[in-house]
Amino acid sequence: MKNEFIYKRKSVREFKDIQVPMEAIQEMIKEATQAPSGKNAQNWHFVVVRNKEKIEKMAEAVYEKGRELSNNLDEKTASNFMKMLKYYTVFKNAPTVVMIFSSKYESSGKDILMLNGASNEEVEKLESVKPGVQNIGAAMENLLLSAANMGYGGCYMTGPAFASDKMCEVIAFNKEGYNFSCLTPIGIPLKENINSPKRKSLDEVITIIE
Ligand SMILES: Cc1cc2nc3c(=O)[nH]c(=O)nc-3n(C[C@H](O)[C@H](O)[C@H](O)COP(=O)(O)O)c2cc1C
């Protein structure tokens, strides 16, 4: 009954210094693209970075941008943000980083709501659904499950997004109409037996309507 492959995926933030074969990365991305997407839009583009120096420079760019931003904050907010920075750069020692870029995807029904004179609140509620972002999340989860099932580790990351322009400068990547959405390091986990944080109880997260 239990689907073991689901439980194999845990956020991995430290990696062995061994490269992942490109065939394995290609299979992970192929499986990522089997994810559902609204109107089958497949509004994703995958960028695979396999250059150690560039990966380190991307992490440095996140760190530097973070430091720059924290200069404009009060001491306490700056210190809390700086503590979080280490979680936004955990890809720094990975042999491969897969970034997902997304193109624009409008919520279905928005035009119709507006033509019907919907209030701003109604339009905002519809837009909060963000189907275009959900497409990317579905693809990223597939990619992480695929990686874990092959014995590799990864970590879904949106934390470095505030430095996405700088990361793109490092890798000289620019694709018209596509913006950075998330990334994952991919590599062989440094440690075995990583534990995921505890989940809420099912009672807390389920409402059953009969
Ligand atoms: C949208 C999203 C963004 C995340 N961003 C980061 C991140 O920037 N840095 C990080 O270390 N972990 C990040 N995580 C990983 C979460 O911290 C992790 O999934 C959560 O604590 C549950 O742990 P598990 O993945 O081991 O089950 C992110 C996860 C998601 C889904």
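Residues numbered from 1 in each chain as written. Predicted model: local features only at pLDDT ≥ 70, side-chain atom pairs only at ≥ 80, totals over all residues. Heavy atoms only, no water.

The protein chain is annotated in an unreviewed UniProt entry as Nitroreductase family protein from Helicovermis profundi.

Chemist: Tell me about the overall build of the protein chain, and name the residues and values.
Modeler: Assigned secondary structure in the protein chain consists of nine helices and four strands. The secondary structure elements of the protein chain, listed N-terminal to C-terminal, are α-α-β-α-α-β-α-α-α-β-α-β-α. C-alpha extents for the protein chain along the principal axes are approximately 55 × 50 × 35 Å. Sorting the 210 residues of the protein chain into buried and exposed places 37% on the buried side. Roughly 13,500 Å² of accessible area belongs to the protein chain as shown, and the carbon and sulfur atoms make up 49% of that amount. In the protein chain, 28 positive and 27 negative side-chain charges are present, and the distance between their average locations comes to 4 Å. (Helix = DSSP H or I, 4+ residues; strand = E, 2+ residues; numbered from the N terminus. Buried < 20%, exposed > 50% of the residue type's maximum accessible area, 1.4 Å probe, protein only. Areas by Shrake-Rupley, 256 points an atom, 1.4 Å probe, with all protein chains shown as cover. Lys, Arg positive; Asp, Glu negative; His and termini not counted. Charge placed at Lys NZ, Arg CZ, Asp CG, Glu CD.)

Chemist: Tell me about the sheet that holds strand β3 (residues 153–154), and name the residues and values.
Modeler: Within a beta sheet, neighbouring strands are joined by backbone hydrogen bonds and run either parallel or antiparallel to one another. Taken together, the four strands give an open sheet; going across it, the order is β1-β2-β4-β3, and neighbouring strands pair in antiparallel fashion. A single partner strand is all that each edge strand has here, and the edge strands are β1 (44–49) and β3. Pairing between β1 and strand β2 (residues 96–103): six bridges, direction antiparallel. Residue pairing across strands places tryptophan 44 opposite serine 102, the latter belonging to β2. Each of β1, β2 and β4 (178–187) is contacted by helix α2 (residues 22–32), which is oriented at about 165° to β1, the strand it contacts most. (Pairing = 2+ DSSP bridges. Contact = heavy atoms within 4.5 Å. Axes fitted to C-alpha atoms, helices over the stretch in contact; angles between N-to-C directions.)

Chemist: Describe the site of the ligand, with residues and values.
Modeler: The local shell around the ligand holds 14 residues, among which Ser11, Arg13, Tyr87, Ser196 and Arg199 are the closest. Arginine 13 places a side-chain nitrogen or oxygen 2.8 Å from an oxygen atom of the ligand. Between an oxygen atom of the ligand and a side-chain N or O atom of arginine 199, the distance comes to 2.7 Å. The protein chains hide 70% of the 630 Å² of surface that the ligand would expose on its own. Here the shell around the ligand is composed, by residue class, of six nonpolar, four polar and four charged. (Near = heavy atom within 4 Å. Polar contact = N/O pair within 3.5 Å; in protein donor to acceptor, adjacent residues only side chain to side chain. Nonpolar A, V, L, I, M, F, W, Y, C, P; charged D, E, K, R; others polar.)

Chemist: Lay out the UniProt feature "domain: Nitroreductase" (unreviewed entry) in the protein chain with the relevant residues and their values.
Modeler: Here the UniProt-annotated "domain: Nitroreductase" (unreviewed entry) positions come out as residues 6–187. End-to-end, the C-alpha atoms of residues 6–187 are 18 Å apart, and along that stretch the chain is 48% helix and 14% strand. (UniProt positions renumbered as here; feature names shortened; annotations may be inferred.)

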